[in-house]
Amino acid sequence: MAVSRSGAAGVAGGGDTTDDADRARLHKLGYKQELKRGLSLMSNFAFSFSIISVMAGVTTTYNSGLRYGGPASMTLGWLVVAAFNGCVALSMAEICSAYPTSGGLYYWSAKLAGREWAPLASWVTGWFNIVGQWAATTSTDFSLAQLVQVIVLLGTGGANGGGYTASKYVVLAIHGFFLVLHGLINSLPIRWLSWCGKLGAFWNTAGAFTLVILIPAVAKERASAKFIFTHFNDDNGMGIHGKAYILALGLLTSQYSLLGYDASAHMIEETKNADWSGPMGIISSVALSTTFGWIFLVALTSIVTDIPYLLSPDNDAGGYAVAQALYDAFDRRYGSGVGGLVCVGVVAVGIFFAGAMCIASNSRMGYAFSRDRAMPLSRVWLRVSKNEVPLNVVWLSVVVAFVMALTSLGSQVAFQAMVSIATLGQYIAYALPIFFRVTTARRSFVPGPFHLGRYGVAVGWAAVLWVAFLTVLFSLPVAYPVAKDNFNYTPVAVGGVLLLSVGAWVVSARFWFEGPITNVDL
């Protein structure tokens, strides 16, 4: 695989030279520099790594993986997902190097789809991306609120010991509280946001490393290696018995855990040496998250010895498998589950940082989309504060994420659609520019400093076919017989985004939206 850094030569010598080159490159792409370039490669990596937050992803979707296939589905399924997800990340990095703008995916689609299809391709990609990001923020902060509720429940005696169980309204209020905190963090100057991103990356690395060592060491009862890697759970209580079907559904844990690395692209106009640092941020965050995530997953599964008990809503954690497993491990060793609650707290802090970085990525995407007049009230959302932060769209992201969480009051099943939109919505947005790269732009694509050489097309096709497979897979029923309390809302949610975006295009946007527009003369 050929990887070149020819375009990055001479950058290390001075910050001013780098800034001038970045500004000139952005100007060539059609935009003037409005956001402050204060992020290094490390900072750019930290944003994506913190959003991916494998501790958060694995913990919040572990129940699903345990139910659909169990240990084998998760530990071996992770490796399958990692291989194909790596293709998606590499292809995105290659395109990111060629077009280093905050718009990211929708801008790439416009440049790669060809003149005739550019506006529609850009429009649909952009809406899938931003709705997927809003859903990711919603699911991340709501997962944090649920985890805090479980910590309080276990800390006050557990479900079977008179512990406090928060109502759905209290959980929603906690969710709103965290969203406001994340909005305030994202209202700070970029140097503070950069510091927060680095702290999040450190916490997720150090936290995962600590838990990987601590969990197996504390547990008195541990699963065997054979159980961890080969035990297949088909007793899911959902009426699904086909092993291939169950195994496929179990991939959601791995797929959701490796999501959000487009943040490196959305923060790229604030990153120095953008056409190299952005791609490296994508690749390094995915590579390290994949490695740490698998090790963390194996460590967690090593203390799983009774799957039906951990999934039972009648246990002390109310059916939250990871929290119950950690609590029991410490309780059996020390006669107290406090240590387990501390471990769950470490995960909760990781999710907190992920939520903050989600808002950061949301706001930059919203800012760029508004700059190209694609958002309603675009002139409001593209305004930049005196701290050179797109403040209005930061708080728009907060409000939208809270409104989307209101579905939890009606049905937890409906709310799970948020996770589906977060996963599929973003991956569809990832795949669209890659699809155009390997079809309409196969011969015309001009790579940047980072490229895949002759392997670019093959890797791109692997990425596109994988996302197509996921789209079908996660739209299938998750229980039989299908009823309103187990209905898979994924095709409804994702189809709704497609229908609304295409409908808006046909009715209105096709008459005025032309794709990315230049603002260098504004």
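You'll find the structure just up there.
Keep in mind that this is a model prediction, so the values were computed, not measured. Going along each chain's sequence as written, the residues are numbered from 1 onward. Note on the predicted model: pLDDT of at least 70 is required for a residue's local features to be given, and 80 or more for side-chain atom pairs to be given and counted; whole-chain, interface and lining totals, by contrast, use all residues. Side-chain calculation: all heavy atoms of the structure are included, whereas hydrogens and water are not.

> Hey, could you go over the overall build of the chain for me, with residue numbers and the actual values?
Within the chain, the secondary structure is distributed over 22 helices and zero strands. Here the C-alpha coordinates of the chain stretch approximately 70 × 45 × 45 Å along the principal axes. Pairs of residues are marked as contacts when any of their non-hydrogen atoms sit within 4.5 Å. For the chain, contacts bridging at least 24 residues in sequence account for 83% of all contacts bridging at least 6. We get accessible surface area from the Shrake-Rupley algorithm with a probe of 1.4 Å; when it comes to residues, only the shown protein chains can shield them. In the form shown here, the chain has an accessible surface area of approximately 19800 Å², with 66% of it arising from carbon and sulfur atoms. Each charge class in the chain can be summarised by its mean position, and for the 32 positive and 25 negative side chains these summaries are 5 Å apart. Where helices and strands are cited, they refer to DSSP runs of H or I of at least four residues and of E of at least two residues respectively, numbered from the N terminus. In this tally Asp and Glu are treated as negative and Lys and Arg as positive; neither His nor the chain ends contributes. Throughout, a charge is located at the NZ atom of Lys, the CZ atom of Arg, the CG atom of Asp or the CD atom of Glu.

> Give a description of the side chain of Ser277 that names residues and reports values.
Relative to the helices and strands, Ser277 is located in helix α13 (residues 274–301). On the basis of relative accessibility, which here comes to 4%, the residue Ser277 falls in the buried class. If sequence neighbours within four positions are ignored, Ser277 has contacts with Leu41, Asn44, Thr271 and Lys272. For each residue, the accessible area found with a 1.4 Å probe, counting protein chains only, is set against the maximum for its type, and the residue is called buried under 20%, exposed over 50%, and partly exposed in between.

> Describe empty space enclosed by the protein, and please don't skip the residues or the numbers.
Here the term cavity refers to a set of points on a 1 Å grid, laid over the protein atoms alone, in which a 1.4 Å probe fits but cannot get out; the term pocket refers to an open set having protein on both sides within 12 Å along at least five of seven lines, with lining residues being those that place an atom within 4 Å of a point. Grid points are joined across faces, edges and corners, and a volume is the space filled by probe spheres set on the points. With the rule as written, the count across this model stands at three cavities of 30 Å³ or more. Lining the largest cavity are 18 residues, and of these Ile51, Ile52, Thr140, Tyr256 and Leu259 sit closest to its centre. Sort the elements by how many residues they give to the lining of the largest cavity and helix α6 (residues 118–155) lands first, with four residues. Gly is put with the polar residues, along with every residue not named as nonpolar or charged; the nonpolar set is Ala, Val, Leu, Ile, Met, Phe, Trp, Tyr, Cys and Pro, and the charged set is Asp, Glu, Lys and Arg. A per-class count over the lining of the largest cavity returns nine nonpolar, nine polar and no charged. By volume, the second largest cavity amounts to about 60 Å³. Of all the secondary-structure elements, those providing two or more residues to the lining of the second largest cavity are α6 and α16 (338–371). Counted by class, the lining of the second largest cavity contains three nonpolar, six polar and one charged residues.

> Mind laying out the nonpolar core, listing which residues take part and the relevant values?
Counting 150 residues, the largest nonpolar core has Tyr62, Leu66, Val88, Tyr99, Trp108, Trp134 and Tyr261 as its most contacted members. Counting residues per element, this core draws most heavily on α16, which supplies 17 residues. Discounting chain neighbours no more than four positions away, the residues touching Tyr261 are Ser48, Ile52, Asn85, Val88, Ala89, Met92, Ile282, Ser285, Val286, Tyr427 and Tyr430. Definition of nonpolar core: a set of buried residues of the types Ala, Val, Leu, Ile, Met, Phe, Trp, Tyr and Cys, connected through side-chain atoms within 4.5 Å.

> Would you mind going over the packing of aromatic side chains in detail, with residue names and values included?
In this analysis, rings of Phe, Tyr and Trp, with Trp reduced to its six-membered ring, are considered paired at centre separations within 6.5 Å, and the interplanar angle assigns stacked below 30 degrees, edge-to-face beyond 60, and tilted for intermediate values. Summed over the entire model, instances satisfying the criterion amount to 23 aromatic pairs. Summarising the aromatic geometry, the rings of Trp123 and Trp127 are spaced 5.9 Å apart at their centres and angled 65 degrees between planes, so their arrangement reads as edge-to-face. Residue Trp123 and its partner Trp127 are both found in helix α6; the two are separated by four residues, about one turn of the helix. In this structure, Trp123 and Trp127 share a single accessibility class: buried. Here the aromatic rings of Tyr261 and Tyr430 are separated by 5.2 Å at their centres, their planes lie at 40 degrees, and the arrangement is tilted. Highlighted residues: Tyr261 in the loop between α11 (251–257) and α12 (263–266) and Tyr430 in helix α20 (residues 412–438), separated in sequence by 169 residues. For Tyr430, a relative accessible area of 0% puts it in the buried group. Of the aromatic side chains, those joined through ring pairs into one cluster are Tyr106, Trp123, Trp127, Phe369, Trp505, Trp512 and Phe513.

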